[in-house]
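Geometric and topological summary
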Amino acid sequence: HADAHTTEAVEATWWHPETALADWERGELQLMAPTIWNLRELAALSRRTGISTSVELEGSFDALTASQRIALLRVLQEALSNIRYHSGSREVAVLLREKAFKGVCMEIRDDGRGFDPDAVVPAEDGESGIGLVGMRERLRLLGGRLEIESAPGGPTTLRATLPHWLPLAQSA
């Protein structure tokens, strides 16, 4: 968990993933878990493809459950894989925002060629189109949703939202 100083430091911050990850690995920057996996995934994409990546964080992510963290990570990984193989993008930006009493939103934007989200249907052989279905289902099971804004010619914005979970009241 992050202390108050760390939370303030990432309240509204924009980083280049490679620099921030290097600072964190040297112990010069303390970040919360969702930040770390965002940085790692984006830095790996940039290294492998040359796509420019950035991440912006707003809020504290301490209230996320393990299931929510895993769901967001898997959505991020799938989105970045789709960007890598299908978009022709040169830039990707991730915004991870937590809003009190509302939940968390992860927005992934690319400047690629775009697509018609309604035209993406899983192939019968299971070889294509299952990524978006999997992302939607993963979020739905946790009370969240996936929104996609795109059209042929681009760009594309993917928005994954999850609600805050409140602990169940203890029965007397």
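Residues numbered from 1 in each chain as written. Predicted model: local features only at pLDDT ≥ 70, side-chain atom pairs only at ≥ 80, totals over all residues. Heavy atoms only, no water.

With that out of the way, let us pick up the overall build of the protein chain. When you go through the protein chain residue by residue, the secondary structure sums to five helices and six strands. Element order for the protein chain, N to C, with α for helix and β for strand: α-β-α-α-β-α-β-β-α-β-β. For the protein chain, the accessible area works out to roughly 9,700 Å², and carbon and sulfur atoms hold 51% of it. (Helix = DSSP H or I, 4+ residues; strand = E, 2+ residues; numbered from the N terminus. Areas by Shrake-Rupley, 256 points an atom, 1.4 Å probe, with all protein chains shown as cover.)

With respect to the helices and strands, the residue Gly88 is situated in the loop between helix H4 (66–87) and strand E3 (91–99). Between the C-alpha atoms of Gly88 and Gly154, which are 66 residues apart in sequence, the distance is 9.9 Å. Dropping the residues within four chain positions of it, Gly88 is found in contact with Ile83, Gly112 and Arg113. (Contact = heavy atoms within 4.5 Å.)

Further remarks concern the side chain of Ser89. Tracing the backbone through its elements, the reader meets Ser89 in the loop between H4 and E3. A distance of 2.7 Å separates a polar atom in the side chain of Ser89 from the backbone oxygen of Glu91. Discounting residues that sit within four places of it in the chain, Ser89 has contacts with Ile51, Ile83, Asp110, Asp111 and Gly112. (Polar contact = N/O pair within 3.5 Å; in protein donor to acceptor, adjacent residues only side chain to side chain.)

Counted as a void, the second largest pocket has a volume near 240 Å³. The wall of the second largest pocket is formed by 14 residues, among which Lys102, Gly103, Val104, Cys105 and Thr161 lie closest to the centre. Broken down by secondary-structure element, the contributors of at least two residues to the lining of the second largest pocket are E3, strand E4 (103–110), strand E5 (145–150) and strand E6 (156–162). The residue inventory of the lining of the second largest pocket, partitioned by class, reads four nonpolar, four polar and six charged. (1 Å grid on protein atoms, 1.4 Å probe; cavity = no way out; pocket = protein on both sides within 12 Å on 5 of 7 lines; lining within 4 Å. Points joined across faces, edges and corners; volume = space filled by probe spheres on them. Nonpolar A, V, L, I, M, F, W, Y, C, P; charged D, E, K, R; others polar.)

On to the environment of Arg74, then. Along the chain, Arg74 turns up in helix H4. With 64 residues separating them along the chain, Arg74 and Arg138 place their C-alpha atoms 8.6 Å apart. A polar atom in the side chain of Arg74 sits 2.7 Å from the side chain of Gln77.

Here the amide bond leading from Gly154 into Pro155 is cis, since omega sits at -5°, within 30 degrees of zero. Tracing the backbone shows Pro155 in the loop between E5 and E6.

Side chains Leu146, Ile148 and Ser150 of E5 all project onto a buried face; the interleaved residues Arg145, Glu147 and Glu149 project onto a face where none is buried. Once E5 ends, the chain turns through five residues before running back antiparallel as E6, passing Gly153 with a positive phi of about 105°. (Buried < 20%, exposed > 50% of the residue type's maximum accessible area, 1.4 Å probe, protein only. Pairing = 2+ DSSP bridges.)

What follows concerns the confidence of the model for the protein chain. With 69% of its residues at a pLDDT of 70 or more, the protein chain shows a mean pLDDT of 76. Here residues 1–16 is a poorly scored stretch, pLDDT under 50, and it has 34 contacts once near neighbours within four places are set aside; other chains count. Scored below 50 in pLDDT, residues 27–32 shows 19 contacts in the model against residues more than four places distant or in partner chains. (pLDDT = per-residue confidence, 0-100.)

The biggest cluster of nonpolar side chains holds 30 residues, and the ones touching the most others in it are Val92, Met106, Ile108 and Leu158. Taken together, the elements giving at least two residues each to this core come down to helix H3 (33–49), strand E2 (52–58), H4, E3, E4, helix H5 (130–140), E5 and E6. In terms of residue count, H4 provides more of this core than any other element does, seven residues in total. Here Ile108 is in contact with Leu76, Ala79, Ile83, Val92, Ala93, Val94, Thr156, Thr157 and Leu158, once residues within four sequence places are set aside. (Core = buried A, V, L, I, M, F, W, Y, C linked by side-chain atoms within 4.5 Å.)

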